[in-house]
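# Tertiary structure, described
As a plain string of letters, each chain reads:
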Amino acid sequence: MNRAYGTVSIIGAGPGDPELITVKALRRIQQADVIMYDRLVNDELLTYARPDAQRLFCGKAPGLHHMNQATIHRTLLSYASAGHAVVRLKGGDPFVFGRGAEEALFLAEHHIPYEIVPGITSAIGTAASASIPLTHRGVATSFACITVCRANPAIEPTTTESIFSSAPPLSPSPVRWDLLAHSVDTLAIYMGVSQLEEICSELIFCGKPSTTPVAIIENGTTEAERIFTGTLADINQIATAAHVSNPAMIIIGAVVHIREQLIQMKHQAHQMIG
């Protein structure tokens, strides 16, 4: 990359624990002139930036956007065109429900050099932190990452074509719970707590047993992590009673039982050691 023309590093910050960021990502933060960071990025990562680096909050919460996507695009273009080294810092992995590809396409359209620095996506990171494998020999050979949080096409474009044209974007297609209920062993659902009751009802309606294990991991990999387990039949009641809120990952499938086995074996080991 030619620094003289400005560059953008689209970086995944990982699932929450600042120590889970990659060495390459940390190096880019230390070198950056400008850091544009999202809501779920751990603030500790910003302490590694140069004192003179500019920090811009681009956070989005459900129903509340501090900076909409079009503004983020324009800001990236402005700083990179001025010759700055820009870090676009996102939670998890930028290419898994992070809109990183949209930003990369926008930069490419404007001939701005960019790079993608992968991060640990929340499904993998939070599940592992909670002792839940997404796959396990003899139990699960597949998993799917799903989001039930969709961009509102009336507010923000969702495709490259709609970014660069005046045509209205197409409405997003619904999640195919009927297919997911039978074709995938483990479901990892992002930002679905507010629709948990509907998710469980849809899966049961589509034929998934109501006894299917479910785990909810709130603030995964952080000191504030909370983990709740149940089944499709009762997890919504459990989550409501515990006042679970986003950010939270929902894991559905038999692999949730592996967590229980590991906890039991750990407890037995502690008893033997004394």
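Source: prediction; values computed, not measured. (Residues numbered from 1 in each chain as written. Predicted model: local features only at pLDDT ≥ 70, side-chain atom pairs only at ≥ 80, totals over all residues. Heavy atoms only, no water.)

### Describing a nonpolar patch on the surface
Our working rule: Two distance rules govern patches: like charges are joined within 9 Å, and nonpolar side chains (Val, Leu, Ile, Met, Phe, Trp, Tyr) within 5 Å, applied only to residues with over 30% relative accessible area and no salt bridge. Residue exposure ignores everything except the shown protein chains as possible cover, and the areas themselves are Shrake-Rupley values with a 1.4 Å probe. Every case where a carboxyl oxygen of Asp or Glu lies within 4 Å of a side-chain nitrogen of Lys or Arg is listed as a salt bridge. Secondary structure elements follow DSSP: runs of H or I no shorter than four residues count as helices, runs of E no shorter than two count as strands, and numbering proceeds from the N terminus. The classification of residues rests on relative accessible area computed with a 1.4 Å probe and restricted to protein chains. Under 20% of the type maximum is buried, over 50% is exposed, and intermediate values are partly exposed.
A cluster of nonpolar side chains, namely L20, I120, I124 and F143, defines an oily patch on the protein surface of about 300 Å² accessible area. Here I120 shows up in the loop between β7 (114-117) and α4 (122-129). Taking the relative accessible area as the measure of exposure, I120 reaches 32% and is therefore partly exposed.

### Description of the pairing of strand β12 (residues 248-252)
Put simply, the rule is: By the convention used here, strands pair only if DSSP detects at least 2 bridges between them.
In terms of residue burial, β12 counts as a mostly covered element, since five of its five residues are buried. The side-chain alternation of β12 yields two buried faces, one formed by A248, I250 and I252 and the other by M249 and I251. Taken together, the four bridges between strand β9 (residues 186-190) and β12 define a ladder with antiparallel strand orientation. By the bridge assignment for β12, I189 is matched with I250. Bridge analysis of strand β10 (residues 213-218) against β12 gives five bridges, and the strand direction is antiparallel. Bridging across to β12, I216 finds its partner in I250.

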